[in-house]
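Examination of the molecular architecture
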Amino acid sequence: MTPAAPAQPGPPLWLLAELTHRCPLHCVFCYNPVDYATQPDELGTEDWLRVLREARALGAVQLGLSGGEPLLREDLEALVAEARRLGFYSNLLTSGVGLTEARAAALKDAGLDHVQLSFQDSTPQMNDFLSHTRTFELKQRVAATIRAQGWPMVMNVVLHRLNIDHVDRIIGMAHALGAEYLELANTQYYSWAWVNRDQLLPTREQLRRAEAVTEAWRARLDGAMRIFFVAPDYHEGRPKKCVNGWGSMFLTVAPDGTALPCHTARMLPGLPFPNVRAHGLAAIWRDSEGFQRFRGTGWMKEPCRSCAQREEDLGGCRCQAWLLAQDASAADPVCVKSPHHGRVQAALQRAEAAGAAAGPREQPLVFRSPAESRRLAAAAGPDRARPRDLP
Ligand code: SF4
Ligand code: SF4
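This structure is a prediction, so every number in the text was calculated from the model and none was measured.

Describing the pairing of strand β6 (residues 181-186)
The side-chain alternation of β6 yields one buried face, formed by Leu182, Leu184 and Asn186, and one unburied face, formed by Tyr181, Glu183 and Ala185. In the classification by handedness, the crossover that spans strand β5 (residues 153-159), the intervening helix α6 (residues 167-176) and the parallel β6 is right-handed. When β6 meets strand β7 (residues 226-230), the two strands line up parallel, connected through five bridges. Of the residues in β7, the one forming a bridge with Glu183 is Phe228.

Given below as structure tokens:
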């Protein structure tokens with residue numbers, strides 16, 4: 001039976017349904033787990049339908065349908081239709097591969113509200129190099145399909161050392177494609193971006209130029225296209241409030257049914273996360289150890305515990321604390337007050353030394369693929385949560 005829709009919105013307000021980790025692209029910064037190819041089977045349609053109902057009953061109002069590439073799921077239209085029936089605002093996050101005109105029309109009929117299309121860069125050469133697929137022309141066609149269906153044209157480009165100098169062209173391309181909203185998201189260094197961090201971290205000068213170019217476009221466009229520039233926390237010295245607060249707004253369900261407060265949290269060792277195959281979402285959200293552990297500020301130690309900013313950033317990202325300090329309860333090392341901040345500075349110094357001139361051909365980049373995933377998982381051994389050693 002369908003639970004009644006709640007009188008009040010959440011928390012959680014957002015359900016991020018990671019429908020699959022399969023993806024035809026091979027992005028070097030991919031946020032999917034490095035060992036994704038070794039993870040168990042995906043949830044079936046009935047399980048996903050139940051997750052949608054339970055999340056809506058809890059108060060979730062926004063639904064992100066992501067992946068991997070969610071269009072690889074043949075039941076996507078059925079999930080969208082149920083989301084519409086339940087009253088979700090649904091958002092498809094896609095590389096564009098598989099969004100044919102027929103599929104777009106079917107998703108529109110099913111009630112899909114919003115599509116976010118990702119590009120890797122502004123030219124076929126760089127887009128196709130960074131995703132290791134020939135998808136640039138396809139993405140251009142998909143952008144037209146999105147507009148033809150009357151969806152808001154929303155584009156996302158992940159920025160890093162290899163494409164950040166192309167921001168002018170990227171914004172120009174988004175404008176020419178009729179984007180209403182462009183997200184320029186600087187890479188967050190976990191998952192595949194962590195593996196490739198020394199090849200992807202931009203220099204300070206690259207960042208400064210990109211921000212200046214973005215500002216100039218904002219002034220020129222005068223609101224005709226909104227541009228959101230997500231600053232990189234490594235360079236800022238101030239951490240971001242991780243997922244707007246652990247277990248406070250976002251609920252992610254991974255393809256295998258693991259429920260997470262943040263899509264990368266399963267890397268944290270010794271922290272059990274429940275599976276929706278065995279537990280209801282309400283109990284998971286309210287009572288599970290995985291969702292309780294870093295809620296609020298009670299878990300903090302120094303320097304966060306006595307810090308005046310602790311309510312503002314909640315100590316930053318737990319995954320970053322684990323990756324950089326091997327302590328998930330530590331202050332996020334991007335913070336200048338963290339005793340581990342030197343590791344962030346060292347990475348930044350290496351980026352400065354490598355400089356903007358380093359081209360992709362000289363870089364030993366690791367492209368995401370099932371074979372690389374299995375190789376990296378095997379190299380990590382049985383303790384897969386251990387961060388890969390970096391200088
Ligand atoms: S970041 Fe790239 S490889 Fe990863 S899921 Fe998105 S499109 Fe696929
Ligand atoms: S010490 Fe902790 S709470 Fe204070 S600014 Fe740094 S990360 Fe945030």
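Picking up after the structure, the text goes on.
What to know about the sheet that holds strand β4 (residues 114-119)
Within the open sheet, the nine strands sit side by side as β7-β6-β5-β4-β3-β2-β1-β8-β9. Their pairing is mixed. The sheet terminates laterally at β7 and β9 (259-260), the two strands that pair on one side only. Relative to strand β8 (residues 250-253), strand β1 (residues 14-18) is paired through four bridges, and the arrangement is parallel. Considered in β8, the bridge of Trp14 is made with Phe250. Across the face of the sheet, helix α9 (residues 204-221) comes into contact with β5, β6 and β7 while running at roughly 165° to β7.

Description of the nonpolar core
Within the largest apolar cluster, 106 residues are counted, with the highest numbers of intra-cluster contacts made by Ala17 and Ala174. Leave out the neighbours within four places in its chain, and Ala174 touches Met155, Ala179, Leu182 and Met225.

So, the pairing of strand β3 (residues 89-94)
Where a strand is regular, its side chains alternate between the two sheet faces. Of all the six residues making up β3, five are buried; the element is thus mostly covered by neighbouring parts of the structure. As for the winding sense of the linkage, the β-α-β connection from strand β2 (residues 62-66) through helix α2 (residues 76-86) to β3 is right-handed. For β3 and β4, the ladder comprises four bridges, and the chain directions are parallel. Pairing of Leu92 across the sheet is with Val115, part of β4. Read as a crossover between parallel neighbours, the route from β3 over helix α3 (residues 101-110) to β4 is right-handed.

Cut-offs and rules
Residues numbered from 1 in each chain as written. Chains lettered and ligands numbered in written order. Predicted model: local features only at pLDDT ≥ 70, side-chain atom pairs only at ≥ 80, totals over all residues. Buried ≥ 20, exposed ≤ 12 C-beta atoms within 10 Å, placed from the backbone. Helix = DSSP H or I, 4+ residues; strand = E, 2+ residues; numbered from the N terminus. Right-handed = clockwise from strand over helix to strand, strands pointing away. Pairing = 2+ DSSP bridges. Contact = placed C-beta atoms within 7 Å. Axes fitted to C-alpha atoms, helices over the stretch in contact; angles between N-to-C directions. Core = buried A, V, L, I, M, F, W, Y, C linked by C-beta atoms within 7 Å.

Read these as spatial facts, not as claims about activity.
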